[in-house]
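Each chain is listed here by its residues.
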Amino acid sequence: MINILLEMLSYPFLVRAIMVGLLVSLCASLLGVSLVLKRFSMIGDGLSHVGFGALAIASVANIAPLTLAIPVCIAASFLLLRMSESTRIKGDAAIAMLSAGALAIGVMVVSMTTGMNTDVYNYMFGSILSLSKADASLSIALSIVVLVLFALFYPRLFAVTFDESFSRATGIPTRAYNAALATLASVTVVLGMRMMGALLISSLIIFPVLTAMRVGKRYLSVTLLSAAVAVLGFVLGMVVSYVYEAPSGASIVCVNIVLFLIFAIAGAIRNAITKK
Amino acid sequence: MSLIQIQNAAFRYDGKEVVSELNFTIERGDYLCIVGENGSGKSTLIKGLLGLKAPHNGTITFGEGLTARQIGYLPQQKESQRDFPASVQEVVLSGTLNSLGFRPFYTRRQKKNALTQIDRVGMLPLKNTPFRELSGGQQQRALLARALAATQTLLILDEPISSLDPVAAADMYHLIEEINRNHGVTIVMVSHDPHAAAHEAGKVLHLENRQLFSGSAAAYRKSEIGKRFLGGESR
């Protein structure tokens, strides 16, 4: 295992990909705690599809992909937030519509112009090879910003996650914090999308926290465990992907499924023991 | 001047008027119980008092320097809180957030305040217990502590005993009364149970899409409307 890791680290492009992947996984798993507990999991999924549409258009129009995708995703995240708050339209149905729509528009734009090339394929299913040096530095910088902001907002994110109506009633600007959460999630989704693919990026947000919740019972412990699970899942996933020459995104998700099952069994055993 | 003065206020919900002709005051140290059937406008009025909903008619005036940050709130419990991973201490600490200003993290002052409030509701031995593993009564106590951590001025309690068994409900009433009497915290409690209003609170506001009664609990017990809703009770 150590030997394989060392061998992987001897390739500069893999080192770059692992750096970016680790940071993005950390961001996703930490934001995921709030998103999942606020019942916003679907927003992550919606964002990845909007991100795909934006990246497809950027690649056709020859714009740097991140400079278009990040603002578009942030705008979409505000829209998705509004949709999920609205009681008049069914929020979940509206999100599903928006995400399918964005995906379809992306596919149409590409197939009518350049045709389905490897770039587009990579955005769909993820590839570590698609990461240029400039992209990597930008991704690393942005994920560090997300991590720092997450840490600084931690008490506030807890409050609006646990009980938004209480926070709002006691004078906390909950809308601003929801918007901050959506913005951070958008940046994370776009950064992680090239590695994980539009179809799998939301699993980085959802799996680690659900796995951590099998065992953790306090917010801080769930947050820290979620981060640890994300890092472990990412490293093991990359090793699996390297050894079996499998796509990185799918490998990471499969490792996360195994981790989830292990934690679920451990949690069940612990509950059975403590009840006796 | 009163803490809160409501003059001729009316509220709409989804374009329809749900409650109107509201005229009452909340004084410092009051224990006011708002009663009425489901759909009588209680929840809408609460939103108005919390500043989450503006009256479409009339006025709500805060006096004595009262601000939104000095109103603590015990909301009805939500489904999503049932499986939420958080300890009692984490929950109560989040109540002190409004005193944080621009500082990113809780200081010793907030942590001490949280522990004081946990102790006040008798939950100190359970401070590290996960919220979701508490009984219904204990959860309500923890949420009451959180509201107290936010403010010592005015607490709005939305159906605080609706999901509790009789023993836990009696405990909760006792605790609320104690907080009101010994610590001078103004209480506004919403309930669908007129008996609770008549025997626990000092003042009663009875709603049925308009104000049916507003006055002292003693007067409520003697009034026509009070007698009707309290049944054959003659206390």
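None of the values given here were measured: they were computed from a predicted structure.

Before going further, it helps to spend a moment on the confidence of the model for chain A. Taken over all residues, the pLDDT of chain A has a mean of 88, while the share at 70 or more is 96%. No element of chain A has a lower mean pLDDT than helix α6 (residues 118-125) of chain A, which averages 75, and none a higher one than helix α11 (residues 219-244) of chain A, which averages 94.

Attention now goes to the domain arrangement of chain B. When cut into domains, chain B gives domain 1 (1-27 + 55-66) and domain 2 (72-152 + 165-184). In this structure, domain 1 of chain B and domain 2 of chain B have C-alpha centres spaced 28 Å apart.

Of the residues lining the interface, 24 residues belong to chain A; the matching set on chain B comes to 23 residues. Mapped onto the side of chain A that touches chain B, the elements with two or more residues apiece are α7 (133-162), α8 (164-169) and α11 of chain A. For the side of chain A that touches chain B, the leading source of residues is α7(A), giving six residues. Across the side of chain A that touches chain B, the residue classes break down as 13 nonpolar, five polar and six charged.

Moving on, we come to the nonpolar core. With 148 residues, the main nonpolar core has Leu31(A), Cys73(A) and Ile156(B) as its most contacted residues. Per element, the largest residue contribution to this core is 14 residues, and it comes from helix α2 (residues 12-37) of chain A. Mapping this core onto the domain boundaries places at least three of its residues in each of domain 1 (1-27 + 55-66) and domain 2 (72-152 + 165-184) of chain B. If we skip the residues at most four places from it in the chain, Ile156(B) touches Ile46(B), Leu49(B), Leu50(B), Ile71(B), Tyr73(B) and Val188(B).

Turning our eyes to something else, we now look at the pairing of strand β2 (residues 16-26) of chain B. All names here are of chain B. With seven bridges connecting them, strand β1 (residues 4-13) and β2 associate as antiparallel partners. Directly across from Arg12, in β2, lies its bridge partner Glu17. Counting the residues that bridge the hairpin from β1 to β2 gives two residues, and of these Asp14 lies at a positive phi of roughly 55°.

So, about the packing of helix α3 (residues 41-61) of chain A against helix α9 (residues 174-196) of chain A. All names here are of chain A. It is the contact of α3 with α9, at a shortest axis distance of 9 Å, that shows an interaxial angle of 55°. Looking at the two axes, α3 sits oblique to α9. The handedness of the crossing between α3 and α9 is right-handed. Residues Ile43, Gly44, Leu47, Ser48 and Gly51 of α3 lie in contact with α9, whose contacting residues are Ala185, Ser186, Val189, Val190 and Met193.

Even without being glycine, Glu245(A) reaches a positive phi, approximately 50°. The exposure class assigned to Glu245(A) is exposed, which follows from the 8 C-beta atoms found within 10 Å. One non-glycine residue, Asn8(B), adopts positive backbone phi at about 50°. In this structure, Asn8(B) sits in strand β1.

All names here are of chain B. Pairing is antiparallel across the open sheet formed by three strands, whose spatial order is β2-β1-β4. In the strand order of this sheet, the two ends are held by β2 and β4 (57-62), each with one partner. When strand polarity is set aside, the average angle formed by the axes of neighbouring strands in this sheet is 25°. Both β1 and β4 contribute to a ladder of five bridges, which runs antiparallel. Within β4, the residue paired with Gln7 across the bridge is Thr59. Against the sheet, helix α1 (residues 42-49) contacts β1, β2 and β4, and its axis sits at roughly 125° relative to β1.

Residue and element names in this part refer to chain B. Positionally, Met1 belongs in the segment before β1. We classify Met1 as exposed; it has 12 C-beta atoms within 10 Å. Placed 27 residues apart in sequence, Met1 and Arg28 show a C-alpha to C-alpha distance of 9.4 Å. Filtering out sequence-adjacent residues up to four positions away, Met1 remains in contact with Gly63 and Glu64.

What follows concerns the packing of α7(A) against α9(A). All names here are of chain A. Here α7 crosses α9 at 150°, and the two axes come no closer than 10 Å. Taken together, α7 and α9 sit at an angle that is classed as roughly antiparallel. Crossing handedness for the pair α7 and α9: left-handed. Each of Ser139, Leu142, Ser143, Val146, Leu149, Phe150, Phe153, Arg156, Leu157 and Val160 in α7 lies in contact with α9, whose residues at this interface are Thr174, Tyr177, Asn178, Ala180, Leu181, Leu184, Val187, Thr188 and Leu191. When its residues are assigned to classes, the contact of α7 with α9 shows 13 nonpolar, five polar and one charged.

One key point about sheets: their strands pair by backbone hydrogen bonds, in either a parallel or an antiparallel sense. Residues and elements named next belong to chain B. Pairing in this open sheet of six strands is mixed, and the strands run β5-β6-β7-β3-β8-β9 from one edge to the other. Strands at the two margins of the open sheet, each flanked by one partner only, are β5 (71-74) and β9 (211-216). Taken pair by pair, the neighbouring strands of this sheet meet at an average axis angle of 15°, ignoring direction. With four bridges joining them, β5 and strand β6 (residues 154-158) adopt parallel strand pairing. What sits directly across from Leu74, in β6, is Leu157. Across the sheet, helix α4 (residues 136-150) is in contact with β5 and β6; its angle to β5 comes to roughly 170°.

Here the focus is the confidence of the model for chain B. Low pLDDT means the predicted atomic positions in that stretch should not be read closely. Residues of chain B with pLDDT of at least 70 account for 98%, and the chain-wide mean is 87. Quick note on the complex model: pTM equals 0.88, ipTM equals 0.87.

It is worth spelling out the environment of Leu52(B) at this point. Positionally, Leu52(B) belongs in the loop between α1 and β4. Judged by local crowding, Leu52(B) falls into the partly exposed class, with 14 C-beta atoms found within 10 Å. Separated by 86 residues in sequence, Leu52(B) and Gln138(B) place their C-alpha atoms 28 Å apart. Leave out the neighbours within four places in its chain, and Leu52(B) touches Arg168(A), Ala169(A) and Lys47(B).

Residue and element names in this part refer to chain A. Secondary-structure assignment places Leu5 in helix α1 (residues 2-9). Looking at Leu5, the number of C-beta atoms within 10 Å reads 13, which means it is partly exposed. Separated by 237 residues in the primary sequence, Leu5 and Tyr242 place their C-alpha atoms 9.4 Å from one another.

Rules used in this analysis
- Residues numbered from 1 in each chain as written.
- Chains lettered and ligands numbered in written order.
- Predicted model: local features only at pLDDT ≥ 70, side-chain atom pairs only at ≥ 80, totals over all residues.
- pLDDT = per-residue confidence, 0-100.
- Helix = DSSP H or I, 4+ residues; strand = E, 2+ residues; numbered from the N terminus.
- Domains from an automatic or database assignment.
- Contact = placed C-beta atoms within 7 Å.
- Nonpolar A, V, L, I, M, F, W, Y, C, P; charged D, E, K, R; others polar.
- Core = buried A, V, L, I, M, F, W, Y, C linked by C-beta atoms within 7 Å.
- Buried ≥ 20, exposed ≤ 12 C-beta atoms within 10 Å, placed from the backbone.
- Pairing = 2+ DSSP bridges.
- Axes fitted to C-alpha atoms, helices over the stretch in contact; angles between N-to-C directions.
- Parallel < 35°, antiparallel > 145°, perpendicular 65-115°, else oblique.
- Left-handed = near helix turned anticlockwise from the far one by under 90°.

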